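Each chain, letter by letter, is given below.
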Amino acid sequence: MEAHYTYLTSLGIHDANTQKMLTAAAFGLALLVIGAQSARVLSRRRGARGAHEAAIPEEKITISGVFDFFIESFVSFQDSILGKENRKYLPVTGTVFLYVLVLNIMGLIPGVPAATTSVWTTVPVAIFIFISFNYFGIKEHGVVHYFKHFLGPVWWLAWFILPLELFGTVLRILTLNLRLYWNISADHLVLGIFTDLVPYVVPVIFLALGTFVCFMQAFVPTVLTMIYIMLATSHEEGAEHQHNH
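These notes cover the structure that comes with them.

Structural notes on the packing of aromatic side chains
Here comes step 1: A full pass over the atoms with the stated rule returns twelve aromatic pairs.
Here comes step 2: Where F133 meets Y228, the ring centres are 5.3 Å apart and the plane angle is 50°; that geometry is what we call tilted. Pair noted here: F133 is in helix α5 (residues 119-141) and Y228 is in helix α8 (residues 202-233), with a separation of 95 residues, a long-range link.
Here comes step 3: Take Y228: its relative accessible area is 9%, and that puts it in the buried class.
Here comes step 4: Grouping aromatic residues by their ring pairs yields a cluster made of F74, F77, F97, F215 and F219.

Below you can see the structure in the form of C-alpha cells.
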C-alpha cells in the first residue's frame, strides 16, 4: 500500500514507522512542556490569589475552565473505580489517557502520521502500563507478598497456578496493544477509503465518528489501567468484594 504524504515526507523521512515514532515522541515532549508550563502558571496564580480563591472557577467560559471541567470529570470517574484515597495514581492514569487521546486525534489531521497505528508506539504504552501497575502492587504489598498471590490460594496447586497467573499478567501487554492498534488502524483505514472515494461531505461523517473512536480508544486503556492498579494494590480482605463488583 502506498504511504500517504505527511509533513515528515518533505523532510526526507519516508519510512512510515519512523514517522509515527517521531510524531509520538514530538507530541509526548510537547505535552511535557505544556504540562510544566501549566503547573507554573497555576502555582503563580495560587501564590497571587491564594489556594482557595484560585480554585474558584471563572465567571466566563474560558479555555482553562473547560480543561478544569474535563479534569474534574476524569478525577470523579477514577474515584468511582479506585476511590478518593487513591488519587495518587492520577499522574499515571491521566498521562495514559491524555497521551493516547492526543496521538489519536492528531492522526485525523491530514499530513500528520497516525502514531497509534504502529506497534512501535502502542507497545511502549502497553509496557508502561504493565510496569506501572506491577510497581504499584510491589510498593503496596512488598515484593514477596505481591508475588505470593501468583501462587494461588492452595499451596499444592502452586505449580499449576503460577504459570497461568504469570502468563495472564504478561498477556495484558498484548491485549492492550491489540485493542489500541487494531481499532485505530481500522478507523483510519475506513476514513482514508471514503475520503479517496468521495472527497466531499461524506468524510465529515466518518471524521466525526473517528473522533468518537479516538476518545473511546483512549478511554478503554485508561479504564483497564485503573482496573489493573486496583487488582495489583487491593488487599486480601477486599479482594472478594472487588472481584464480585
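Picking up where we left off.
Here's the deal with α5
Here comes step 1: The end-to-end C-alpha distance of α5 is 32 Å, a good match for the 33 Å that 23 residues give at a rise of 1.5 Å each.
Here comes step 2: For α5, the set of buried residues is T121, T122, V125, A126, I129, F130, S132, F133, N134, F136, G137 and H141.
Here comes step 3: Of the residues one or two after α5, G142 is the one with positive phi, at around 95°.

Let's talk about helix α4 (residues 90-106)
Here comes step 1: Helix length check: α4, at 17 residues, gives a terminal C-alpha distance of 23 Å against a target of 24 Å (1.5 Å per residue), a fit within 8%.
Here comes step 2: Those residues of α4 that fall on the buried side of the exposure criterion are L90, V92, T93, V96, F97, V100, L101, V102, L103 and N104.

Comments concerning the nonpolar core
Here comes step 1: Judged by nonpolar contacts, the single largest core of 29 residues is most densely connected at V100, I129, F133, L176 and Y228.
Here comes step 2: Among the elements of the structure, α3 (63-82), α4, α5, α7 (158-197) and α8 are those that each provide at least two residues to this core.
Here comes step 3: When residues in this core are grouped by element, the largest group, eight residues, is from α8.
Here comes step 4: Leave out the neighbours within four places in its chain, and V100 touches V125, L180, Q217 and A218.

Looking at a nonpolar patch on the surface
Here comes step 1: Among the surface-exposed residues, F167, L171, L174, L178 and W182 lie close enough to one another that they form a single nonpolar patch of about 500 Å² accessible area.
Here comes step 2: Looking at L178, the relative accessible area reads 34%, which means it is partly exposed.

Some thoughts on the side chain of Q19
Here comes step 1: Topologically, Q19 is positioned in helix α1 (residues 16-49).
Here comes step 2: Sequence-distant contacts of Q19, defined by excluding residues within four places in its chain, comprise T6, L8, T9, I13, H14 and P113.

About the cut-offs
- Within every chain, residues take consecutive numbers counted from 1 along the sequence as written.
- Only residues with pLDDT of 70 or above have their local features reported here, since the model is predicted, and side-chain atom pairs are shown and tallied only from 80 upward, although totals for entire chains, interfaces and linings are computed over all residues.
- Hydrogens and water molecules were not included; the side-chain quantities draw on all heavy atoms of the structure.
- Stacked, tilted and edge-to-face are the three classes applied to pairs of Phe, Tyr and Trp rings, where Trp contributes its six-membered ring and a pair requires centres within 6.5 Å; stacked means planes under 30 degrees apart, edge-to-face means over 60, and tilted covers the rest.
- Elements are defined by DSSP. Helices are runs of H or I of four residues or more, strands are runs of E of two residues or more, and each kind is numbered from the N terminus.
- Categorising residues by exposure relies on relative accessible area from a 1.4 Å probe, with only protein chains included: less than 20% of the type maximum marks a residue as buried, more than 50% marks it as exposed, and the intermediate range marks it as partly exposed.
- Expected span, for any helix, means 1.5 Å times one less than how many residues it has.
- Remark: nonpolar core denotes a set of buried residues (Ala, Val, Leu, Ile, Met, Phe, Trp, Tyr, Cys) joined through side-chain atoms within 4.5 Å.
- Only heavy atoms matter for contacts: two residues are in contact if any of them lie within 4.5 Å across the pair.
- Patch membership is restricted to residues that have no salt bridge and whose relative accessible area is over 30%. Joining uses 9 Å for like charges and 5 Å for the nonpolar side chains Val, Leu, Ile, Met, Phe, Trp and Tyr.
- Each accessible area is a Shrake-Rupley estimate made with a 1.4 Å probe; only the visible protein chains count as cover when residues are assessed.
- Every case where a carboxyl oxygen of Asp or Glu lies within 4 Å of a side-chain nitrogen of Lys or Arg is listed as a salt bridge.

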